[in-house]
Amino acid sequence: MRISLKPLHEQVIVITGASSGIGLATARLAIEKDARVVLVARNEEALFEIERELNAGNRVLHVMADVGERAQLERVASETISRFGGFDTWINNAGSSVWGRFDEVSDEDHHQVMQTNFWGTHYGSSIAVKHLRDKGGALINIGSVESANALPFHSSYSASKHALHGFFESLRAEEYDAGIRVTLVMPG
């Protein structure tokens, strides 16, 4: 199936991890191109300020959510559908990291990195695919150069991004004929 995406000015784009870094930069660029944008992050105060700063009227919605909790991402989708009628692109950008020797980082910290980076992307992808399968669209997952090359002192982050790479390859093959463009971006 040939994948045809709407022009940006006709799209609704959900962006997790939208309160800083790549997520915030993506949101700003999308607004500049007249897209409607849903900002998702755990920091509601930051989201409120960003929405106010973007001053895009009725084109921005912010939803506080922890991507590591599926129910919270389901709420993001529900509020997006309620406000905008659906979405065309879902960007799984939220991430967390911890640096240190593998044996000096707590199990809780390792778990949190995997929960956010892998499971948050898994949950977001699952919700997005369910919504986009009948109408087409784009699912963009943000990996890392560490999706292919692990770094020392970054074991759980490297593991989470390696897992995303494998997940992405499988999902892309599964959704090839569904009209969903599945993309993995690996910033360096």
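Cut-offs used in this document
Residues numbered from 1 in each chain as written. Predicted model: local features only at pLDDT ≥ 70, side-chain atom pairs only at ≥ 80, totals over all residues. Heavy atoms only, no water. Patch = residues over 30% accessible without salt bridge, like charges linked within 9 Å, V, L, I, M, F, W, Y side chains within 5 Å. Areas by Shrake-Rupley, 256 points an atom, 1.4 Å probe, with all protein chains shown as cover. Salt bridge = Lys/Arg side-chain N within 4 Å of Asp/Glu carboxyl O. Helix = DSSP H or I, 4+ residues; strand = E, 2+ residues; numbered from the N terminus. Core = buried A, V, L, I, M, F, W, Y, C linked by side-chain atoms within 4.5 Å. Buried < 20%, exposed > 50% of the residue type's maximum accessible area, 1.4 Å probe, protein only. Contact = heavy atoms within 4.5 Å. Pairing = 2+ DSSP bridges. Right-handed = clockwise from strand over helix to strand, strands pointing away. Phe/Tyr/Trp six-rings, centres within 6.5 Å; stacked < 30°, edge-to-face > 60°. Axes fitted to C-alpha atoms, helices over the stretch in contact; angles between N-to-C directions. Left-handed = near helix turned anticlockwise from the far one by under 90°. Nonpolar A, V, L, I, M, F, W, Y, C, P; charged D, E, K, R; others polar.

### Here's the deal with a nonpolar patch on the surface
Consideration 1: Side chains of Trp99, Leu151 and Phe153 sit close together on the surface and give an oily, nonpolar patch of about 350 Å² of accessible area.
Consideration 2: Mapped onto the secondary structure, Leu151 falls in the loop between β5 (137-142) and α5 (155-174).

### Regarding the environment of Gly136
Consideration 1: Within the secondary structure, Gly136 is located in the loop between α4 (107-132) and β5.
Consideration 2: Sequence separation of Gly136 and Glu32 is 104 residues, and the distance between their C-alpha atoms is 23 Å.

### Considering the nonpolar core
Consideration 1: Grouped together as the largest cluster of nonpolar side chains are 30 residues, with contacts concentrated most on Val38, Val76, Phe87, Trp90 and Leu139.
Consideration 2: Among the elements of the structure, β1 (12-16), β2 (36-41), β3 (60-64), α3 (70-84), α4, α5 and β6 (180-185) are those that each provide at least two residues to this core.
Consideration 3: If one sorts the elements of this core by residue count, α4 sits on top with six residues.
Consideration 4: Ignoring sequence-local partners within four residues, the contact set of Val38 consists of Val12, Ile13, Val14, Ile15, Leu61, Val63, Val76, Thr80 and Phe84.
Consideration 5: Judged by nonpolar contacts, the second largest core, of 17 residues, contains Ile31, Leu54, Val60 and Ile142.

### A short note on the pairing of β1
Side-chain direction in a regular strand flips from residue to residue, so the side chains alternate between the two faces of the sheet.
Consideration 1: Of all five residues in β1, five are buried; the element is thus mostly enclosed.
Consideration 2: Every second residue of β1 is oriented toward a common face, with Val12, Val14 and Thr16 on one face and Ile13 and Ile15 on the other, all of them buried.
Consideration 3: Note that β1 and β2 share five bridges and pair parallel. Looking at β2, one finds that Ile15 is bridged to Leu39.
Consideration 4: Viewed along the sheet, the connection from β1 through helix α1 (residues 21-32) into β2 turns out right-handed.
Consideration 5: Looking at chain direction, β1 and strand β4 (residues 89-92) are connected through three bridges and run parallel.

### Let's talk about the pairing of β6
Consideration 1: What you see with β6 is a clean split: Ile180, Val182 and Leu184 sit on the buried side and Arg181, Thr183 and Val185 on the side with no burial.
Consideration 2: In terms of strand pairing, β5 meets β6 through six bridges, oriented parallel. In the sheet register, Ile142 faces β6, and the bridge partner there is Val185.

### Thoughts on unusual backbone geometry
Consideration 1: Notably, Asp34 is not glycine yet its phi reads approximately 70°, a positive angle.
Consideration 2: As for its position among the elements, Asp34 is in the loop between α1 and β2.
Consideration 3: Positive phi is not limited to glycine here, since Phe153 has a value of about 65°.
Consideration 4: Within the secondary structure, Phe153 is located in the loop between β5 and α5.

### Details of the packing of aromatic side chains
Consideration 1: Throughout the structure, instances matching the rule amount to four aromatic pairs.
Consideration 2: Measuring from centroid to centroid gives 5.0 Å for Phe118 and Trp119, while their planes differ by 80°, and the two rings are edge-to-face.
Consideration 3: Members of the aromatic cluster, each reached through a chain of ring pairs, are Phe118, Trp119, Tyr123 and Phe167.

### Topic: the packing of α3 against α4
Consideration 1: It is at 9 Å that the axes of α3 and α4 come closest, and there the two elements cross at 35°. The handedness of the crossing between α3 and α4 is right-handed. For the pair α3 and α4, contact is made by Arg70, Leu73, Glu74, Ala77 and Ile81 and by Gly120, Tyr123, Gly124, Ser126, Ile127 and His131, respectively.
Consideration 2: Class assignment for the residues of the contact of α3 with α4 results in five nonpolar, four polar and two charged.

### Some details on the pattern of salt bridges
Side-chain pairs of opposite charge can arise where the charged atoms are in close proximity.
Consideration 1: A full pass over the atoms with the stated rule returns eleven salt bridges.
Consideration 2: One salt bridge in this structure joins Glu79 and Arg75, with 3.4 Å as the shortest N-O distance. Of the two residues, Glu79 and Arg75 are both situated in helix α3; the distance of four residues between them amounts to about one turn of the helix.
Consideration 3: Judged by relative accessible area, which is 32%, Arg75 ranks as partly exposed.
Consideration 4: Asp88 is paired through a salt bridge with Lys135; the nearest N and O atoms lie 3.2 Å apart. Within this pair, whereas Asp88 is found in the loop between α3 and β4, its partner Lys135 is found in the loop between α4 and β5, the two being separated by 47 residues in sequence.
Consideration 5: You can call Asp88 buried: its relative accessible area is 6%.

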